[in-house]
Structures are given as C-alpha cells and as structure tokens.
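What follows is the residue order along each chain.
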Amino acid sequence: MNHWPVKALLCALLTLPAMAWAEVCAEDRRGVQVCLPEPAKRIATLSPGATELMFAAGAGEKVVAVVNHSDYPPAAQKIPLVGNHTRIDLEALLALEPDLVITWVTGNPPAQMEMLQELGLTTFAIEPRTFEQVSGVIERLSVLAGTEKEGYAEAQRFRAGIAAIAEKYRNVEPIPVFYQVWETPLMTISDDHLIGKVLQLCGGLNVFGDMPRLVPRISAEVVLAADPHVILTGSVEGTSDDELDHWKSYSGMTAVARGNLFFIPASPISRPTPRLLEASEAVCQKLDIAREN
C-alpha cells in the first residue's frame, strides 16, 4: 500500500499557518489570567509606556490605537489617538475594533476600565516597577501578540544590559543623590520607584530613598538638610534648562559647590521601558563625573 499521500497530507496540515494557532494566555499585573483564542491582531495601548512596550515586544504593526504623548518610537505618532491616559474616548476606541486593550494599572481611570470589560473588550493590565518586570511584561505581551521571537530577544537584551551595568558599578563608591521630579511643587522619588532603582544601579545613594510614597512632595529645607552631592532632573533631550537654577543660591550645599547639577533625557528615565537602559547609562555617566568632581 502506498502511504505517501497520507504523509503529504499530514505535512500539509502541520504547515497550515492560518489554522495552527492555539489559545494564548498570559497573567497581567492584577493577577488575572488573560486568554485569547489566537494572537491579537488589533491592539490598543492606553498609555505612552504601554505603547513603547508593545513595540518592544515586536508587535508595533498591530497597534491600532494609542493615547496622547505616545511619541516613541516615531512610528507610534502615526497611530490614531483615542484620548489620553486619564480620559479615553470610548466611541473612538470601539470604532477601531481592538481585540486586545493594554491598560495601565494606576494611570487609567478604573471606571472606564470597568466599562471596557462590560463592553466585551479584552483588557490586559500592566505596570512594571522593577527591571525584571520590564523584561517580563515584554515577554507576556509578545505571547499575546504572537511575536515571541522578537519580544523574548528584546527582553533578554534588556536583562543583559542591566546586568552589565550592575556588574560595572557593583563596588563603586556610593554618592548621595537627590532626584528632582518636579520643581513646583518640589517632588522626588523613593527607592521603590524605578528611577530610584536606576540610581542604586549606578551606585547612587538616594537621599530620600526610604520615603513611603513613590513620588513624595518635599521642601527645599529637607533637601538642604540632606546635603546631596548630586542633583539630577530630567529635561527634553537632557539639555540644560532653568529647572535647577533655584538651587544655585544655596552655595553651601555640596552638589552646588562642586557643580554637580545635572540633566538627563526625561522621556527614557520616566517610562518603564527598554529605554531605561539608555537612561541608566546616562545617569551612571553623570555620577561618574560627580565622583571626579
């Protein structure tokens, strides 16, 4: 009996791309197991960070809706807007027929997120707060989008880059740092914030690291009392502006006396995405300069 036709049929079935997909599942930040019958084809991202992470996962071409300030990578700027992270235009979102909506746990309004689920949309909540969580989110998003090869490669690149920086600065002399998030009201970050973890990575000692809030408000008096050796803040493209000028009148503060008032690019340092690698290298470079000073 000739079995070749049967073998040929089996090979054909195994290579059919359209019917080969099985259900894909991933656990989100809420601990919810989110499953899709097949990888998502039309994805909405409801925060700039979520947009970046979806592109990092290799699924940028599948993103059909974003919110204001989704400016990276540049291709994201051409995608239709459906409001901002705090107010979603539900009608515009529904019109784009997404089969997966990526939400931000503390950024999107809970009432609207509940409404999305009531309308039958599949939501996947994210908000990475550690370096490893950044890699993990990229991997899970790539699973849901069917872009595991690209996503896992990017996650590993990020892990390796962070590990290399950690090794380089493992035994460096700690240096007291104040990171200014905002001038008025004056705000900083704790060690639980990812920016705080970047400072630690580079051998920085966050003078407000033990504060209970992620982004606490403080006064100029407590900064003076802490006497940081470095003051850092984010600015457009990392260029100098007037955000730190008010500190220059405090000539007795070590950071001012040594000229250690530094600017770094704001966007990479403020979003929990692979660009934190770029931001970490910039912060480490500034702290190296401060040690020399």
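Just so it is clear, the model here is predicted, and its values are computed rather than measured.

1. Focus: the layout of surface pockets
Point 1. Volume-wise, the largest pocket comes out at about 1,300 Å³.
Point 2. Forming the boundary of the largest pocket are 43 residues, of which His-193, Ala-266, Ile-269, Ser-270 and Arg-271 lie nearest the centre.
Point 3. Mapped by element, the contributors of at least two residues to the lining of the largest pocket are α2 (48–56), β9 (175–180), α7 (194–201), β11 (230–235), α10 (266–270) and α11 (276–292).
Point 4. Ranked by residues supplied to the lining of the largest pocket, first place goes to α10 with five residues.
Point 5. When grouped by side-chain class, the residues that make up the lining of the largest pocket number 18 nonpolar, 14 polar and eleven charged.
Point 6. Considering only enclosed or pocket space, the second largest pocket measures out at about 150 Å³ in volume.
Point 7. Lining the second largest pocket are Arg-30, Thr-103, Trp-104, Val-105, Asn-108, Pro-110, Met-113, Gln-117, Thr-123 and Ala-125.

2. Side note on the state of the cysteines
Point 1. Counted by the stated rule, this structure contains two disulfides.
Point 2. Covalently, Cys-25 is tied to Cys-35 through a disulfide, its sulfur atoms 2.0 Å apart. Where Cys-25 bonds to Cys-35 through sulfur, the torsion about that S-S bond is close to 115°, and the disulfide is right-handed. With Cys-25 in strand β1 (residues 24–27) and Cys-35 in strand β2 (residues 33–36), this pair connects stretches of sequence that are ten residues apart.

3. Let's talk about helix α6 (residues 148–168)
Point 1. Compared with the 30 Å implied by 1.5 Å per residue over 21 residues, the 30 Å span of α6 between its first and last C-alpha is a close match.
Point 2. For α6, the elements touching its buried residues are α2, α5 (131–145), α7 and α11.

4. Let's talk about the sheet that holds strand β8 (residues 123–126)
Point 1. Read from one edge to the other, the open sheet built from four strands follows the order β4-β3-β7-β8, with strand pairing classed as parallel. Only two strands of the sheet have a single partner each, and these edge strands are β4 (63–65) and β8. Strand after strand, the sheet turns through a mean of 35° between neighbouring axes, direction not considered.
Point 2. By the bridge criterion, three bridges tie strand β3 (residues 43–45) to strand β7 (residues 100–104) in an arrangement that is parallel. The residue of β7 that forms the bridge with Ile-43 is Leu-100.
Point 3. Against the sheet, α5 touches β3, β7 and β8, its axis set at about 170° to β8.

5. Digging into the side chain of Gln-112
Point 1. By secondary structure assignment, the location of Gln-112 is in helix α4 (residues 110–118).
Point 2. The contact partners of Gln-112, leaving out residues within four places of it in the chain, are Thr-86, Arg-87, Ile-88 and Leu-90.

6. Some points on the nonpolar core
Point 1. Counting residues in each nonpolar core, the largest one holds 56 residues, and the members touching the most others are Ile-102, Phe-124, Leu-232 and Val-283.
Point 2. With sequence-adjacent residues up to four places away left out, Phe-124 is seen in contact with Ala-26, Glu-27, Asp-28, Arg-30, Val-34, Leu-100, Val-101, Ile-102, Thr-103, Arg-140, Leu-141 and Leu-144.

7. Some details on a nonpolar patch on the surface
Point 1. Among the surface-exposed residues, Leu-94, Met-115 and Leu-119 lie close enough to one another that they form a single nonpolar patch of about 230 Å² accessible area.
Point 2. With respect to the helices and strands, Leu-94 occurs in helix α3 (residues 90–95).
Point 3. A relative accessible area of 35% means that Leu-94 is categorised as partly exposed.

The rules behind each value
Residues numbered from 1 in each chain as written. Predicted model: local features only at pLDDT ≥ 70, side-chain atom pairs only at ≥ 80, totals over all residues. Heavy atoms only, no water. 1 Å grid on protein atoms, 1.4 Å probe; cavity = no way out; pocket = protein on both sides within 12 Å on 5 of 7 lines; lining within 4 Å. Points joined across faces, edges and corners; volume = space filled by probe spheres on them. Helix = DSSP H or I, 4+ residues; strand = E, 2+ residues; numbered from the N terminus. Nonpolar A, V, L, I, M, F, W, Y, C, P; charged D, E, K, R; others polar. Disulfide = S-S within 2.5 Å. Expected span 1.5 Å × (residues − 1). Contact = heavy atoms within 4.5 Å. Pairing = 2+ DSSP bridges. Axes fitted to C-alpha atoms, helices over the stretch in contact; angles between N-to-C directions. Core = buried A, V, L, I, M, F, W, Y, C linked by side-chain atoms within 4.5 Å. Buried < 20%, exposed > 50% of the residue type's maximum accessible area, 1.4 Å probe, protein only. Patch = residues over 30% accessible without salt bridge, like charges linked within 9 Å, V, L, I, M, F, W, Y side chains within 5 Å. Areas by Shrake-Rupley, 256 points an atom, 1.4 Å probe, with all protein chains shown as cover. Salt bridge = Lys/Arg side-chain N within 4 Å of Asp/Glu carboxyl O.

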